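A look at the structure
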Amino acid sequence: MPEHGEDDSNAMVRFFQNLVVRVTKDGVGPITGSIPYAEARLAKVDPAMRRPAAEGDSSSLRDQVTEDAIERVIDRLIKESMAASSTNGFVTGLGGFMTMPITLPANVAGALVINARLVGSIAYLRGYDIADPHVQTVITLATAGGTLASTLHGVGVKIGTKLTAQAIKAIPMAVIHRINARVGFMLLAKYGTQRSVLTLAKGIPIAGGVVGAGVDATFTALVGRAAKANFPAHL
């Protein structure tokens, strides 16, 4: 019979996984989902970096700009997310999100939201369908700072070709379930018990806050790199 602690861990794992999907698709509170966030930044792309548009073109902004512009937007999103995750109080106003069944310190909840939205945006900008269950698994993996190639190797799957949208969709669901199990506990380690130390550090005036903010920004940079590795551009 499972121990009470194991039940709590499993509940938090499911919470983290579901939250990542929710954030990327719909956002939470004032934090928009990944696609609106990415499209808002694409709208500010220099007109010189846009593709010639046909009359009546109703495609997304992502399809109307050059690959170089997309990469610049991705780099901008990473920098913005790093700044957000290092700023105290940026999760103020999340409302009902903060009263969900599992209570998280504001800095931990905020970092998870910011990082998940960032990963979803990078996946979208690189041309991946963030509503696809396979892609959602990889988004969750990157939010935990992991890469798909190493994780597949860890569950006994060899990759002979470069990862692409087609390669991700071709991963058997049985493997996806095994990855989900691993990734859930990776999220727990990154945003759960181990990060409680950072929460305590942030309670220390001045020095603790600076250290905590720096660690959050550094981890967001790692998440950004993991997202770029997991969702390579279509060359």
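So, here's what we can say about the structure.

Reading the values: rules and limits
By convention here, each chain's residues receive numbers from 1 onward along its written sequence. Only residues with pLDDT of at least 70 get local features here, since the model is predicted, and only at 80 or more are side-chain atom pairs given and counted; chain-wide, interface and lining totals rely on the full set of residues. Only hydrogens and water are set aside; all other atoms, that is, all heavy atoms of the structure, feed into the side-chain values. A run of H or I in DSSP becomes a helix once it reaches four residues, and a run of E becomes a strand once it reaches two; helices and strands are each numbered from the N terminus. In this scheme, a residue with accessible area under 20% of its type's maximum is buried, one over 50% is exposed, and one in between is partly exposed, where area comes from a 1.4 Å probe on protein chains only. Residue contacts are counted whenever heavy atoms from the two residues lie within 4.5 Å of one another. Here an axis means a line fitted to C-alpha atoms, over the contact stretch when the element is a helix, while the angle between two N-to-C directions is reported on a 0 to 180 degree scale. Whether a crossing is left-handed or right-handed is set by the direction in which the near helix is turned from the far one by less than a right angle, anticlockwise for left-handed and clockwise for right-handed. Any residue that is not Ala, Val, Leu, Ile, Met, Phe, Trp, Tyr, Cys, Pro, Asp, Glu, Lys or Arg is counted as polar, Gly included; the first ten are nonpolar and the last four charged. Within this scheme, the nonpolar core is defined by two criteria: the residues are buried Ala, Val, Leu, Ile, Met, Phe, Trp, Tyr or Cys, and they are joined through side-chain atoms within 4.5 Å.

Points about the overall build of the protein chain
Helix and strand counts for the protein chain come out as 10 helices and 0 strands. Listing every helix and strand of the protein chain by position from the N terminus yields α-α-α-α-α-α-α-α-α-α. By residue count, 46% of the 235 residues in the protein chain fall in the buried class. In the protein chain, of all internal contacts separated by at least 6 residues, the share reaching a separation of at least 24 is 72%.

Some details on the packing of helix α2 (residues 34-42) against helix α3 (residues 67-85)
Direction vectors running N to C along α2 and α3 enclose 115 degrees, while the axes themselves pass 10 Å from each other. Along this stretch, α2 crosses α3, giving a crossing that reads as right-handed. On the side of α2, the interface is formed by Y37, R41 and L42, while α3 contributes V73, R76, L77, E80 and S81. In terms of residue class, the contact of α2 with α3 is made up of 4 nonpolar, 1 polar and 3 charged.

A closer look at the nonpolar core
In terms of nonpolar packing, the biggest core is built from 57 residues, with F16, L125, I139, L148, L187, Y191 and F231 touching the most fellow members. Sort the elements by how many residues they give to this core and helix α4 (residues 106-125) lands first, with 10 residues.

A closer look at helix α5 (residues 133-143)
Most of α5 sits inside the fold, with 10 of its 11 residues counted as buried. Within α5 the residues assigned to the buried category are H134, V135, Q136, T137, V138, I139, T140, L141, A142 and T143.

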